[in-house]
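# Residue-level structural notes
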Amino acid sequence: MVSKYINIEVVYAKDNVNYKLVKLKLENHKEYSVLDVIKKSKILYYCTDINLAKNKVSIFGQLVNLDYIVSDQDTVAILRGLTISPMEARIQRVAKKYN
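Now for a description of the structure that goes with this document. If you're wondering where the values come from, they're calculated on a predicted model, not measured in any experiment.

Criteria and thresholds
- Residues numbered from 1 in each chain as written.
- Predicted model: local features only at pLDDT ≥ 70, side-chain atom pairs only at ≥ 80, totals over all residues.
- Heavy atoms only, no water.
- Helix = DSSP H or I, 4+ residues; strand = E, 2+ residues; numbered from the N terminus.
- Rg over C-alpha atoms; globule rule 2.2 N^0.38 Å.
- Buried < 20%, exposed > 50% of the residue type's maximum accessible area, 1.4 Å probe, protein only.
- Contact = heavy atoms within 4.5 Å.
- Areas by Shrake-Rupley, 256 points an atom, 1.4 Å probe, with all protein chains shown as cover.

The helix and strand tally for the protein chain stands at three helices and five strands. Overall, the protein chain shows an N-to-C arrangement of helices and strands of β-β-α-α-β-β-β-α. Taken over the C-alpha trace, the protein chain has a radius of gyration of 17 Å; the compact-globule value for 99 residues is 13 Å, which it surpasses by more than 25%. Taken over the C-alpha atoms alone, the protein chain extends approximately 60 × 30 × 20 Å along its principal axes. When the 99 residues of the protein chain are sorted by exposure, 29% land in the buried category. Sequence-distant contacts in the protein chain: of pairs separated by 6 or more residues, those separated by 24 or more amount to 49%. Counting every atom, the protein chain has about 7,600 Å² of accessible surface; 52% of that belongs to carbon and sulfur.

See below:
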């Protein structure tokens, strides 16, 4: 039996502590693109620092375009840029460990 609805999650992590998760229940009779889902989630209203021209989007770790059609149980992740380089992060961890 085909379900009447599909369930989608949209998530955006501002940093390692703060994040926003929106769960959607959408009618199954229509195809929804990643962009449609992001707009319906209203996450752009809550997280004003998101710029879809710059931020990449993934589903289960795989980069996708905004026109990619989502499926039931997908989690759309809006990715943010690095705040510091991986090398700088390692230097800070080592310094913290030995101080």
